[in-house]
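Here is what each chain is made of, one letter per residue.
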Amino acid sequence: MHIPDGMLDVKTFSTLWAGGGASIAYASWWIRKHLDGSKIVLMAVLAALIFGLQMLNFPIAAGTSGHFAGGALAGILLGAWPACIVMTAVLLVQAIFFGDGGITTLGANIVNLGIIAPFVGAFIYEIFQRISNGYASKIGGAFVGAFVAVVVSSAAVALELWASNHAHFFAALGAMTFFHALIGIGEGIVTAGLIAYVAKVRPQLLDDENIPNGKRSLKSMSAVLGALAVIAAGFSFLASTHPDGLEFVYFESGIGAEFEEAAYVSMAPLSDYLLPGVGNETLAGIAAGIIGAVLTGALLFGGVVLLKRRRAQAVTGTGTAETTADAVIAEAAETTAEAAIAEAATTAVAGTAKAAQETNKTKE
Amino acid sequence: MQRPPTTPSATLHLSPQGMLIAAVVMVVGIVVGMPHAPLEVITVLALVVIIGLVARVNVPKLFLRSLIVIPIAGCMAAFAPLRLVSEWSTSGIAQAYTQGAGQMTELILTPWMCVLVMLLLAALCPEKDLLYALERLHIPQAFTLLLTFLYRYVGVMGTQLTAARRSVLSRAPNMSARKQVLLYGNLAGAMLVRAHDRGERIYAAMLSRGFTGSLPRIERHRFGVLDAALVAVAILLGFAFVVL
């Protein structure tokens with residue numbers, strides 16, 4: 001599912017870079033705020049595991065093979081935002097060191113495998129957990145979450161290829177979702193097997209209560225998934241200049257007959273993704289792409305920060321007993337995280353103490 | 001006594017951050033400059049060969065590795081002309097494929113050239129140098145820290161995986177493919193738990209040795225005049241690909 005360079009055009013890959021970049025910036029901030037040093041170890045180990053498992057191919061239909069993606073697994077074990085960072089790290093290493101997935105398309109790969117897959121997987125797993133917190137529910141949630149995450153991500157790839165005018169929408173959607181439904185079964189089996197093992201051997205990895213505000217919050221995950229759905233819908237109407245796919249249905253069915261395309265295209269400052277006043281069409285397209293990317297990224301990042309500030313103000317102001325308790329927990333966790341980081345960065349004494357404790361544990 | 005250069009990037013006297021920027025600029029130039037004239041393709045290939053030979057990189061192996069992108073690019077190229085089909089009949093589809101032949105070639109050539117450039121970069125700079133380059137380019141610390149640990153733990157994971165595979169082979173040498181697939185999950189879980197335990201011990205040991213967020217390096221590469229020249233050449237070439 002890694003899209004190589006050259007498969008997406010400028011407008012598509014710059015838009016996805018903006019979206020992916022803003023999300024990663026927010027995820028980095030979230031991790032710095034909420035996670036301590038020891039969680040970095042789990043994230044790194046998980047990244048290494050996903051990296052290794054992505055190299056294992058298993059046969060599917062018609063002589064093709066698929067490999068494990070791991071987005072849903074990371075989302076279930078770590079929560080959606082840390083999973084974004086883990087998947088981005090894996091994708092970056094693959095793109096730079098192995099030529100697996102492109103540099104210009106890295107934003108798209110981050111969105112597909114690093115944002116959509118963890119959020120969808122974690123969301124579905126959490127719904128299963130709300131129904132029942134038992135062992136079977138964990139396995140079922142992991143299987144269904146991983147399967148749906150792979151299929152939805154593949155549909156996103158089809159949408160992006162179509163938006164770049166490199167594929168017929170329904171042909172790409174059909175081919176991508178069919179083969180990835182088969183891959184999704186393998187992904188589901190591996191994810192469910194892994195979650196089953198972890199649930200038996202190390203259940204505290206699955207029910208970590210030390211991560212506040214978000215690992216298990218259905219509201220925040222619903223908000224992100226809703227935003228992604230709205231963006232995808234808007235993207236599909238605006239991105240392609242060819243009347244195929246949704247646009248075809250929209251205009252040919254008569255729903256959009258009242259809209260004269262020229263009427264709104266001429267009003268847009270960067271109509272047809274070209275910067276006015278630049279003679280060379282390619283350069284005008286690049287300039288418009290860069291402006292669009294910067295604007296989209298700034299808007300996304302600004303929106304998220306604003307939302308966070310308002311939420312924080314609401315908590316410190318007239319919050320209910322529950323929200324105040326949440327704030328206290330968050331503050332305590334933040335202090336612990338800061339203390340851990342300070343400890344890791346500066347004090348050799350603390351390091352020596354940890355090593356001594358470790359030695360004692362080993363001796364015991 | 002002067003120490004002999006240890007890496008290809010050291011042979012070229014270039015910093016990893018300069019090479020990373022130049023490679024990314026080249027890739028962007030190649031992608032944005034679609035469709036390509038034959039001269040552009042020859043220029044990219046000649047550059048890869050010349051730089052590879054100067055830096056004593058195994059060029060045939062590099063070209064062989066770059067073929068990794070052909071299956072996926074070929075698959076997407078094979079589907080691409082379908083959007084040009086005006087009539088879903090044999091003649092309509094054949095006509096679409098005739099019209100889309102140029103696009104198909106582009107969809108294979110472009111990713112192949114980009115992969116060649118990135119693999120050349122990976123061959124010239126060791127992983128540790130590229131991590132250092134990302135750090136110098138102000139990538140968020142949480143991110144570079146994770147990459148540093150990933151670089152460290154891939155080896156740990158590999159060792160654990162080899163041990164587990166040996167154990168499975170010795171216990172059940174005739175296991176069916178279906179059972180092997182089912183085993184993957186448990187195996188992966190065991191890998192995670194074992195590597196996590198070992199990772200925590202390594203982290204504690206690293207902390208006790210004064211780890212502050214980045215791995216120590218022997219050489220310090222500064223962005224110098226040669227790097228600036230390299231990036232300038234890459235920008236000019238990228239610009240030429242786009243405009244010509």
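For the structure given in this document, a descriptive report is provided here.

About the cut-offs
- Counting of residues starts from 1 at the beginning of each chain's written sequence and follows it residue by residue.
- Chains carry letters from A onward and ligands carry numbers from 1 onward, assigned in written order.
- Per-residue local features are limited, in this predicted model, to residues with pLDDT of at least 70; the limit for side-chain atom pairs, both in listing and counting, is 80 or more; totals at the level of whole chains, interfaces and linings are taken over all residues.
- With hydrogens and water set aside, each side-chain value is computed from the structure's full complement of heavy atoms.
- For each structure, a 1 Å grid was placed over the protein atoms alone; sets of points admitting a 1.4 Å probe that cannot get out are labelled cavities, open sets with protein on both sides within 12 Å along at least five of seven lines are labelled pockets, and lining residues have an atom within 4 Å of a point.
- Grid points are joined across faces, edges and corners, and a volume is the space filled by probe spheres set on the points.
- Helix and strand assignments follow DSSP, with helices taken as H or I runs no shorter than four residues and strands as E runs no shorter than two, numbered in order from the N terminus.
- Residue polarity is assigned by list, with Asp, Glu, Lys and Arg as charged and Ala, Val, Leu, Ile, Met, Phe, Trp, Tyr, Cys and Pro as nonpolar; anything else, Gly included, falls into the polar class.
- Residue count minus one, scaled by 1.5 Å, sets the expected span of a helix.
- Only protein chains enter the accessibility calculation, which uses a 1.4 Å probe; a residue is then buried when its area is under 20% of its type maximum, exposed when over 50%, and partly exposed in between.
- The contact rule is simple, with two residues in contact once any of their heavy atoms fall within 4.5 Å.
- The term buried area means the drop in 1.4 Å probe accessible area that two parts suffer when joined, counted for both and summed.
- Any carboxyl oxygen of Asp or Glu within 4 Å of a side-chain nitrogen of Lys or Arg constitutes a salt bridge here.
- Polar contact is defined as a pair of N or O atoms within 3.5 Å, subject to the rule that within protein one atom must be able to donate a hydrogen and the other to accept it, and that residues adjacent in sequence are counted only when both atoms are side-chain atoms.

Time to look at empty space enclosed by the protein. In total, this model carries two cavities of 30 Å³ or more according to the counting rule given. By volume, the second largest cavity is sized at about 40 Å³. Lining the second largest cavity we find Leu92(A), Val93(A), Ile96(A), Phe97(A), Leu130(B), Leu131(B), Leu134(B) and Leu147(B). Counting residues per element, the ones that place at least two in the lining of the second largest cavity are α4 (80-97) of chain A together with α8 (127-136) of chain B. With four residues, α4(A) is the single largest residue contributor to the lining of the second largest cavity. The residue inventory of the lining of the second largest cavity, partitioned by class, reads eight nonpolar, no polar and no charged.

Its 17 residues place the ends of helix α2 (residues 16-32) of chain B 24 Å apart at the C-alpha level, agreeing with the 24 Å of an ideal helix rising 1.5 Å per residue. In terms of burial, α2(B) is largely enclosed, as 13 of its 17 residues are buried.

Moving on, we come to the environment of Val144(A). Residues and elements named next belong to chain A. Assignment of secondary structure puts Val144 in helix α6 (residues 135-163). For Val144 and Val90, which are 54 residues apart along the polypeptide, the C-alpha to C-alpha distance reads 23 Å. Dropping the residues within four chain positions of it, Val144 is found in contact with Ile124 and Phe128.

What follows is about the interface of chain A and chain B. Contact with chain A, which involves 67 residues of that partner, is made by 66 residues of chain B. Here chain A meets chain B over a buried area of about 5800 Å², counting both sides, of which 81% is carbon and sulfur. For Arg202(A), the salt bridge goes to Asp197(B), with nearest N and O atoms at 2.8 Å. Counting every contact that joins chain A to chain B gives one residue pair in polar contact (both at pLDDT 80 or more). Listing elements by their share of the side of chain A that touches chain B, those giving two or more residues are α1 (10-34), α2 (37-53), α4, α7 (169-201), α11 (281-316), α12 (321-345) and α13 (348-363) of chain A. Broken down by element, the residue count for the side of chain A that touches chain B peaks at 14 residues, all from α2(A).

Fair warning: the whole summary comes from geometry, so function is off the table for now.
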